[in-house]
Amino acid sequence: MRHGIPWSAVALASAVAAMPAGGQSSTVQHLSAGDSIAVIMAGPAVVPHRAPGLLVRFYPYAPLTDTTRLGDLAVALWQQLMPRLDSEGIGWLVLQATDQAPGQQLTIFRAHNYGFVFERGADGVWRRANRPDFTLDMLAGSPTLAVPNLAGRWRITGLQTTELVYMSLAQQGGDLRGEIATHRDCRGKDVRVVIEFTGTVAAHVVDLWSTTGRIEGEFVNPCSNAELVRRLEFHGQIADDEKKIIGPVDLAGVRIDTWTLSR
């Protein structure tokens, strides 16, 4: 079935694009967290075989590399748009941060975008796409996301080994950097296996993915300086006491285990 574009999506898009906010430009929108964005474009989001949603492209006044801040801005804008989305019966929302500044004409310049998708499920609960645990309920009563302090050394259980394995986490805001370093026997020689991770933390959700892996050992060991190319992805929930992080880890599509990080 082909869906037409309903008047509700067009009307809401027009309302978003014309949001009054004062300041230097009528496109500037003030968010509940005290931040501001500039709405560059708003219109119906259309994909085949699905009722249209709403697409809003905004300038974040921040670099697109700062994905933690982009996510905070997108969530704040999502919260602000929720009453209009519900009243108009629109079931999904695409928010695109762009490096196209207000008033900038796209001639030779090519804009880059970073997107977030939010959907209303069959149960009526709005969630962030690919993050079924990330709902508006977890944000209730708080204009900004609480960021727990996860820096430190975490023991990992759930591995197919009896030895103790630890991950060291460093944190800056909502950005995480991690490292697992453990010793293994390779061709009769002791080697050190190092896997480095990058990721994010928001509210009670942690996402980590491996960026590099290497084997370190004696120069004469043929295993030395080898690179590990399989990607690991961990998606964990932080316990209320912030002493454990539990969730599935995808081992490069080979299998999925459950890790528990404890401190």
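Structure shown above.
In this numbering scheme, every chain counts its residues from 1 along its sequence in written order. pLDDT decides what is reported in this predicted model: residues at 70 or higher carry local features, side-chain atom pairs at 80 or more are listed and counted, and totals for whole chains, interfaces and linings draw on all residues regardless. Side-chain measures here rest on the full set of heavy atoms in the structure, leaving out hydrogens and waters.

A. Up close: the packing of aromatic side chains. Aromatic rings from Phe, Tyr and Trp, with only the six-membered ring used for Trp, were paired whenever their centres fell within 6.5 Å, and each pair was classed as stacked if the ring planes differed by under 30 degrees, edge-to-face if by over 60, and tilted otherwise. Applying the stated rule across the entire model yields four aromatic pairs. A ring pair is formed by Trp78 and Phe118, whose centres lie 4.3 Å apart and whose planes are at 25°; its orientation type is stacked. Here the residue Trp78 occupies a position in helix H2 (residues 67-88), and Phe118 occupies one in strand S5 (residues 113-120), the gap between them amounting to 40 residues. Take Trp78: its relative accessible area is 0%, and that puts it in the buried class. Between Tyr114 and Phe116, the aromatic rings sit 5.4 Å apart at their centres with planes inclined by 55°, giving tilted as the arrangement. The numbering of helices and of strands both runs from the N terminus, where a helix is a DSSP run of H or I of at least 4 residues and a strand a run of E of at least 2. Accessibility here uses a 1.4 Å probe with only protein chains present; expressed as a share of the type maximum, an area under 20% marks a residue as buried, one over 50% as exposed, and anything in between as partly exposed.

B. Fine view of the side chain of Asp207. Of note, Asp207 is situated in strand S12 (residues 205-216). As used in this structure description, the phrase polar contact means that two N or O atoms lie within 3.5 Å; if the pair is within protein, one of them must be able to donate a hydrogen and the other to accept it, and residues adjacent in sequence are counted only when both atoms belong to side chains. At 2.5 Å, the side chain of Asp207 forms a polar contact with the side chain of His235.

C. Spotlight on the pairing of strand S14 (residues 244-251). Any two strands between which DSSP finds at least two bridges are classified as paired. One ladder, built from five bridges, connects strand S13 (residues 232-238) with S14; its direction is antiparallel. Looking at S14, one finds that Leu232 is bridged to Leu251. Joining the antiparallel neighbours S13 and S14 is a turn of five residues, in which Glu242 adopts a positive phi near 60°. Pairing of S14 with strand S15 (residues 255-262), which is carried by eight bridges, proceeds in the antiparallel orientation. Bridge assignment links Pro248 to a residue of S15, and that residue is Thr258.

D. Just H2, in detail. Taking 1.5 Å of rise per residue, 22 residues should cover 32 Å, and H2 covers 30 Å from first to last C-alpha, within 8% of that figure. We define the bend at each residue as the angle formed by axes fitted to the 7 residues ending at it and the 7 residues starting at it. Maximum bend of H2: about 45°, positioned at Leu81, with proline Pro83 one to four residues after it. Buried within H2 we find Thr68, Leu70, Gly71, Leu73, Ala74, Val75, Ala76, Leu77, Trp78, Leu81, Met82 and Leu85. Looking one or two residues past H2, Gly89 carries a phi angle of roughly 70°, positive in sign. Between the first and last residue of a helix there are one fewer steps than residues, each counted as 1.5 Å, and that sum is the expected span.

Such coordinate-based values are descriptive only and should not be taken to indicate function.
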